[in-house]
Amino acid sequence: MAVADVYDALTSKRVYKDAMSHEQAVTIIKDGIGTHFDPIIVDCMLDLESTFINIANTYRDNELNENKHYRLENLIRSNQLNKVLVVEDSRIVREITMNQLTSMGLQVDVAEDGLEGYDKASTSEYDLILLDIEMPKMNGYSMALKLRELSINSILIAMTAADYNVGIEELRKFNIAGLVLKPVDYNKVAAIYEEAKRQKC
């Protein structure tokens with residue numbers, strides 16, 4: 001499912017990006033072998049390339065759906081949310097997240113690990129920091145703890161593909177307002193952000 005989902009996301013036209021070619025998508029997926037994708041599954045995908053291309057071509061004209069991010073876009077329009085830092089070690093997830101948020105009118109910076117994220121967050125102001133939990137060099141929890149020492153005003157929301165068992169009280173120990181599952185539901189991000197802003201007031 002991960003390989004199919006990423007292939008679809010990369011080769012599909014969206015309001016925030018043009019579709020990549022099949023060859024570009026395959027190159028990115030191959031780059032993720034052993035870290036984000038099972039090598040055996042990628043080999044199966046490569047054996048079925050013509051099927052992937054046919055399915056993509058069949059559904060290409062029906063892709064642009066109504067906007068599903070209205071709650072987050074309302075925050076942006078009302079100037080309550082302007083600048084976001086995305087801290088994510090997966091190049092694919094980082095690029096997709098950045099493209100989506102930029103298309104909604106946000107200023108977006110990115111960092112590929114917790115150390116880079118900490119450096120950016122400690123030298124620039126962000127309304128929102130979306131951070132992955134599992135990262136090399138410094139994970140999301142460690143980054144959040146170090147930022148707490150600086151008393152920054154950013155709202156921190158963790159993104160994860162697996163750590164969904166963590167309760168809100170556990171997250172608050174790290175100054176993290178909430179947790180969202182990848183791929184990110186931006187209406188959930190907006191709800192967590194709004195609640196965290198209310199609690200700060």
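Scroll up a little and you will see the structure.
Residues numbered from 1 in each chain as written. Predicted model: local features only at pLDDT ≥ 70, side-chain atom pairs only at ≥ 80, totals over all residues. Heavy atoms only, no water.

1. Side note on the overall build of the protein chain
Formally: Strands here mean DSSP runs of E at least two residues long; helices mean DSSP runs of H or I at least four residues long; both are numbered from the N terminus. Buried means the residue's accessible area, taken with a 1.4 Å probe over protein chains only, is under 20% of the maximum for its type, while exposed means over 50%, and partly exposed covers the values in between. Whether two residues touch is decided by their heavy atoms; if any such pair falls within 4.5 Å, the residues are in contact. With residues, only the protein chains shown are counted as cover, and all accessible areas are computed by Shrake-Rupley using a 1.4 Å probe.
Assigned secondary structure in the protein chain consists of 10 helices and 5 strands. Counting only residues that meet the buried cut, the protein chain has 41% of its 201 residues in that class. In the protein chain, 61% of the contacts between residues at least 6 apart in sequence involve partners at least 24 apart. Accessible surface, the protein chain: about 11,100 Å² in total, of which carbon and sulfur atoms supply 50%.

2. Some words on the packing of helix 1 (residues 2-11) against helix 2 (residues 22-31)
This is how it is decided: Throughout, an axis means a line fitted to C-alpha atoms (over the contacting stretch in the case of helices), and angles, computed between N-to-C directions, take values from 0 to 180 degrees. Angle categories: roughly parallel below 35 degrees, roughly antiparallel above 145, roughly perpendicular from 65 to 115, and oblique for all the rest. Left-handed describes a crossing in which the near helix is turned anticlockwise from the far one by less than a right angle; the clockwise case is right-handed. Gly is put with the polar residues, along with every residue not named as nonpolar or charged; the nonpolar set is Ala, Val, Leu, Ile, Met, Phe, Trp, Tyr, Cys and Pro, and the charged set is Asp, Glu, Lys and Arg.
Here helix 1 crosses helix 2 at 140 degrees, and the two axes come no closer than 9 Å. By the angle class used here, helix 1 and helix 2 are oblique. The handedness of the crossing between helix 1 and helix 2 comes out as right-handed. Two secondary-structure elements touch here, helix 1 through Val3, Val6, Tyr7, Leu10 and Thr11 and helix 2 through His22, Ala25, Ile28 and Ile29. For the contact of helix 1 with helix 2, the residue count by class is 7 nonpolar, 2 polar and no charged.

3. A look at the pairing of strand 1 (residues 83-87)
Quick reminder of the rule: Between any two strands, pairing holds if DSSP finds at least two bridges. Crossover handedness is defined by viewing with both strands directed away from the observer: a clockwise path from the first strand over the helix to the second marks the crossover as right-handed.
The element strand 1 is largely enclosed, with a buried count of 4 among its 5 residues. Alignment of strand 1 against strand 2 (residues 107-111), held across 5 bridges, turns out to be parallel. Counted as the bridge partner of Val87 is Ala111 from strand 2. As for the winding sense of the linkage, the β-α-β connection from strand 1 through helix 6 (residues 91-103) to strand 2 is right-handed.

4. Let's talk about helix 2
We count it as follows: Working note: the arc is built from the helix axis to C-beta atom directions.
The complete set of buried residues in helix 2 reads His22, Ala25, Val26, Ile28 and Ile29. Projection of helix 2 onto a plane perpendicular to its axis shows the buried side chains occupying an angular sector of 160 degrees, all on one side. The outward face of helix 2, more than 90 degrees from its buried face, is lined by the exposed residues Glu23 and Asp31.

5. With respect to the pairing of strand 3 (residues 128-132)
Counting buried positions over the 5 residues of strand 3 gives 5, a clear majority of the element. Residue alternation in strand 3 divides its side chains into two sets, Leu128, Leu130 and Asp132 and Ile129 and Leu131, and both sets are buried. Note: strand 3 against strand 4 (residues 155-160), 5 bridges, orientation parallel. Its bridge partner lying in strand 4, Leu128 is registered against Ile155. This β-α-β element, strand 3 to helix 8 (residues 140-150) to strand 4, shows right-handed connectivity.

6. What to know about the nonpolar core
The following threshold applies: Here the nonpolar core consists of buried residues drawn from Ala, Val, Leu, Ile, Met, Phe, Trp, Tyr and Cys, with membership extended through side-chain atoms lying within 4.5 Å.
Of all hydrophobic cores here, the largest spans 23 residues; its most connected members are Leu72, Leu101, Leu128 and Ile157. Elements supplying a minimum of two residues to this core: helix 5 (70-77), strand 1, strand 3, strand 4 and helix 10 (186-200). It is helix 10 that contributes the most residues to this core, 6 residues altogether. Setting aside chain neighbours within four positions, we find Leu128 in contact with Leu81, Lys83, Val84, Leu85, Ile155, Ile157, Val189 and Tyr193.

7. Considering the pattern of salt bridges
To keep it simple, the criterion reads: By salt bridge we mean one thing: a side-chain nitrogen of Lys or Arg within 4 Å of a carboxyl oxygen of Asp or Glu.
One pass over the full model with this rule turns up 10 salt bridges. Linking Asp31 and Arg91 is a salt bridge whose minimum nitrogen-to-oxygen distance equals 3.2 Å. Placement of the pair is Asp31 in helix 2 and Arg91 in helix 6, with a sequence separation of 60 residues. The partly exposed category is assigned to Arg91, whose relative accessible area is 38%. When salt bridges that share partners are traced, they join Glu88, Asp132 and Lys182 into one network.

8. Quick notes on unusual backbone geometry
In this structure, Asn79 is a non-glycine residue whose phi angle is positive, near 65 degrees. The topology assignment puts Asn79 in the loop between helix 5 and strand 1. We note that Ser151 has phi near 55 degrees; this positive angle belongs to a residue other than glycine. With respect to the helices, strands and loops of the structure, Ser151 is situated in the loop between helix 8 and strand 4.

Any functional reading would require information beyond the geometric quantities listed.
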